[in-house]
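A look at the structure
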Amino acid sequence: MSRIGAVSLLVRDYDEAIAFYVGKLGFELSENTEMGGGKRWVRVTPKGGDASLLLAKATTEAQIAAVGKQAGDRVWLFLETDDFARDHAAWTAAGVTFREAPRHEPYGVVAVFEDLYGNAWDLIEPAKGA
């Protein structure tokens, strides 16, 4: 058996990223371990999810330039929800930026939103049977 355990996400600052993912999106802070030298091992996980985001503080010029552009301006991550309307309303109230109005597709209800750095995500409630 194999599974994706975590996906690395370049961030400018650990604490501002935690504030966004935990405070605005409702993720859980799965781990926050000091590694020395200003490094931390920080994982945030969607509630009920298996895979985490490993928040990696950008330190080199190339990494800093890539913050917010990890997918080259395409949708990068796809976050599934069991209640699109609930999450869309809560995140809008929390100040999350949606690039579009919710739309119905054959695979479900979806809207593109941005994380605090501008990376594009899909929030999706899969269609029944999808």
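First things first, this report covers the structure right here in the doc. (Residues numbered from 1 in each chain as written. Predicted model: local features only at pLDDT ≥ 70, side-chain atom pairs only at ≥ 80, totals over all residues. Heavy atoms only, no water.)

**With respect to the overall build of the chain**
Our working rule: A helix here means a DSSP run of H or I that spans at least four residues, while a strand means a run of E at least two residues long, and both kinds are numbered starting from the N terminus. Categorising residues by exposure relies on relative accessible area from a 1.4 Å probe, with only protein chains included: less than 20% of the type maximum marks a residue as buried, more than 50% marks it as exposed, and the intermediate range marks it as partly exposed. The positive count covers Lys and Arg only, the negative count covers Asp and Glu only, and His and the chain ends enter neither. By convention, the charge on Lys lies at NZ, on Arg at CZ, on Asp at CG and on Glu at CD.
Helices and strands together make up the secondary structure of the chain, namely three helices and eight strands. Overall, the chain is about 45 × 30 × 30 Å in size when its C-alpha atoms are taken along their principal axes. Split into buried and exposed, the 130 residues of the chain put 35% on the buried side. The centroid of the 14 positive side-chain charges in the chain is displaced by 3 Å from the centroid of its 19 negative side-chain charges.

**Examining helix 1 (residues 14-24)**
Applied cut-off: Our arc is simply the arc of the directions from the helix axis toward the C-beta atoms. Should any heavy atoms of two residues lie within 4.5 Å, those residues are counted as being in contact. As used in this structure description, the phrase polar contact means that two N or O atoms lie within 3.5 Å; if the pair is within protein, one of them must be able to donate a hydrogen and the other to accept it, and residues adjacent in sequence are counted only when both atoms belong to side chains.
Residues of helix 1 that are buried include every one of Y14, A17, I18, F20 and Y21, and no others. Each buried residue of helix 1 lies within a common arc of 165 degrees when the element is viewed along its axis, so the set occupies one face. Taken together, the buried residues of helix 1 touch strand 1 (6-11), strand 2 (28-36), strand 3 (39-45), strand 4 (52-57), strand 7 (108-114) and strand 8 (120-126). For helix 1, the N-terminal cap is D13; the gap from its side-chain oxygen to the backbone nitrogen of D15 is 3.0 Å.

**Quick notes on the nonpolar core**
Note the threshold: Residues belong to a common nonpolar core when they are buried Ala, Val, Leu, Ile, Met, Phe, Trp, Tyr or Cys residues joined through side-chain atoms within 4.5 Å.
Counting 29 residues, the largest nonpolar core has Y21, L53 and L55 as the members making the most contacts within it. At the level of secondary structure, the elements contributing two or more residues to this core comprise strand 1, helix 1, strand 3, strand 4, strand 5 (75-80), helix 3 (84-93), strand 7 and strand 8. Looking at this core element by element, the count peaks at five residues for helix 1. Other than its neighbours up to four places away in sequence, Y21 contacts L9, G26, F27, V44, L53, L55, D115, L116 and W121.

**Points about the sheet that holds strand 5**
Threshold: For two strands to be treated as a pair, DSSP must find at least two bridges joining them. Only C-alpha atoms enter the line fits that serve as axes; for helices the fit covers just the stretch in contact. Angles between N-to-C directions range over 0 to 180 degrees.
Across the sheet, which stays open at both edges, the four strands sit in the order 5-8-7-6 with mixed pairing between neighbours. Each of the sheet's edge strands pairs with one partner strand only, and the pair in question is strand 5 and strand 6 (103-105). When the angles between neighbouring strand axes are averaged without regard to direction, this sheet yields 35 degrees. Pairing between strand 6 and strand 7: three bridges, direction antiparallel. Pairing of E105 across the sheet is with G108, part of strand 7. Contacting strand 5, strand 7 and strand 8, helix 3 crosses the sheet at an angle of about 145 degrees to strand 8.

**What to know about helix 3**
Along helix 3, the residues classified as buried are F84, D87, H88 and W91. Across the axial projection of helix 3, the buried residues extend over an arc of 100 degrees, all falling on one side. The outward face of helix 3, more than 90 degrees from its buried face, is lined by the exposed residues A85 and A93. Those residues of helix 3 that are buried are in contact with helix 1, strand 5, strand 7 and strand 8. Count one or two residues on from helix 3 and you reach G95, which has phi positive near 95 degrees.

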